[in-house]
Amino acid sequence: MGSNQLKFRKVLARQLRARRNAMGLGQQEFAKKLAISQSTLARIESGQQNVTIDMLELICSRLKCEIFELLPDQ
């Protein structure tokens, strides 16, 4: 995995976790809103799992934010 890809995953993971926590949602509760398992969400939030554009759009809709808000600054 290249350094840009690793940076992308780590920033996405950190931003997602921070926004979820700011909304007062636990992993289990948020995973249910996404129709995924808690373990899948944990892997996404740790940067271990890729997310599709469709999943990213769903995450953002549930977090009430825009995709660019979760991505690294360029």
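Residues numbered from 1 in each chain as written. Predicted model: local features only at pLDDT ≥ 70, side-chain atom pairs only at ≥ 80, totals over all residues. Heavy atoms only, no water.

1. Quick notes on the overall build of the chain
Phase 1 of the analysis: In terms of regular secondary structure, the chain is built from four helices and zero strands.
Phase 2 of the analysis: Here the C-alpha atoms of the chain give a radius of gyration of 11 Å, agreeing with the 11 Å that 2.2 N^0.38 yields for 74 residues.
Phase 3 of the analysis: For the chain, buried positions account for 32% of its 74 residues.
Phase 4 of the analysis: Long-range contacts, defined here as pairs at least 24 residues apart, represent 59% of the contacts in the chain between residues at least 6 apart.
Phase 5 of the analysis: Of the roughly 4700 Å² that the chain leaves accessible, carbon and sulfur atoms contribute 49%. (Helix = DSSP H or I, 4+ residues; strand = E, 2+ residues; numbered from the N terminus. Rg over C-alpha atoms; globule rule 2.2 N^0.38 Å. Buried < 20%, exposed > 50% of the residue type's maximum accessible area, 1.4 Å probe, protein only. Contact = heavy atoms within 4.5 Å. Areas by Shrake-Rupley, 256 points an atom, 1.4 Å probe, with all protein chains shown as cover.)

2. Quick word on helix H1 (residues 3-22)
Phase 1 of the analysis: In this model H1 runs 28 Å from its N-terminal to its C-terminal C-alpha over 20 residues, within 8% of the 28 Å that 1.5 Å per residue would give.
Phase 2 of the analysis: Inspection of H1 places Arg9, Val11, Leu12, Ala13, Leu16 and Arg20 among the buried residues, and these make up the whole buried set.
Phase 3 of the analysis: Buried residues belonging to H1 abut helix H2 (27-34), helix H3 (38-45) and helix H4 (53-63).
Phase 4 of the analysis: Gly24 sits one or two positions beyond H1 and adopts a positive phi of about 75°. (Expected span 1.5 Å × (residues − 1).)

3. Comments concerning the nonpolar core
Phase 1 of the analysis: One finds Leu16, Phe30, Ile36, Leu41, Ile59 and Leu70 to be the most contacted residues of the largest nonpolar core, which totals 16 residues.
Phase 2 of the analysis: Considering every element that reaches this core, the biggest residue donor is H4, with five residues.
Phase 3 of the analysis: Apart from the residues within four sequence positions on either side, Phe30 is in contact with Leu16, Arg20, Leu25, Leu41, Ile59, Arg62 and Leu63. (Core = buried A, V, L, I, M, F, W, Y, C linked by side-chain atoms within 4.5 Å.)

4. Some details on the pattern of salt bridges
Phase 1 of the analysis: All told, the structure shown has two salt bridges when counted by the stated rule.
Phase 2 of the analysis: Residue Arg19 is joined to Glu69 by a salt bridge in which the shortest nitrogen-to-oxygen separation is 3.0 Å. Placement of the pair is Arg19 in helix H1 and Glu69 in the segment after H4, with a sequence separation of 50 residues.
Phase 3 of the analysis: Taking relative accessible area as the criterion, Glu69 reaches 27% and is therefore assigned partly exposed.
Phase 4 of the analysis: Between Glu45 and Arg20 there is a salt bridge; the shortest N-O distance is 2.6 Å. Of this pair, Glu45 sits in helix H3 while Arg20 sits in helix H1, placing them 25 residues apart in sequence.
Phase 5 of the analysis: The exposure class assigned to Glu45 is buried, which follows from its relative accessible area of 2%. (Salt bridge = Lys/Arg side-chain N within 4 Å of Asp/Glu carboxyl O.)

5. Points about unusual backbone geometry
Phase 1 of the analysis: One non-glycine residue, Ala35, lies in positive phi territory at about 60°.
Phase 2 of the analysis: Tracing the chain through its elements places Ala35 in the loop between H2 and H3.
Phase 3 of the analysis: With a relative accessible area of 71%, Ala35 lands in the exposed category.
Phase 4 of the analysis: Phi at Lys64 is positive, roughly 55°, even though this residue is not glycine.
Phase 5 of the analysis: Locating Lys64 in the fold gives a position in the segment after H4.
Phase 6 of the analysis: Since its relative accessible area comes to 69%, Lys64 is described here as exposed.

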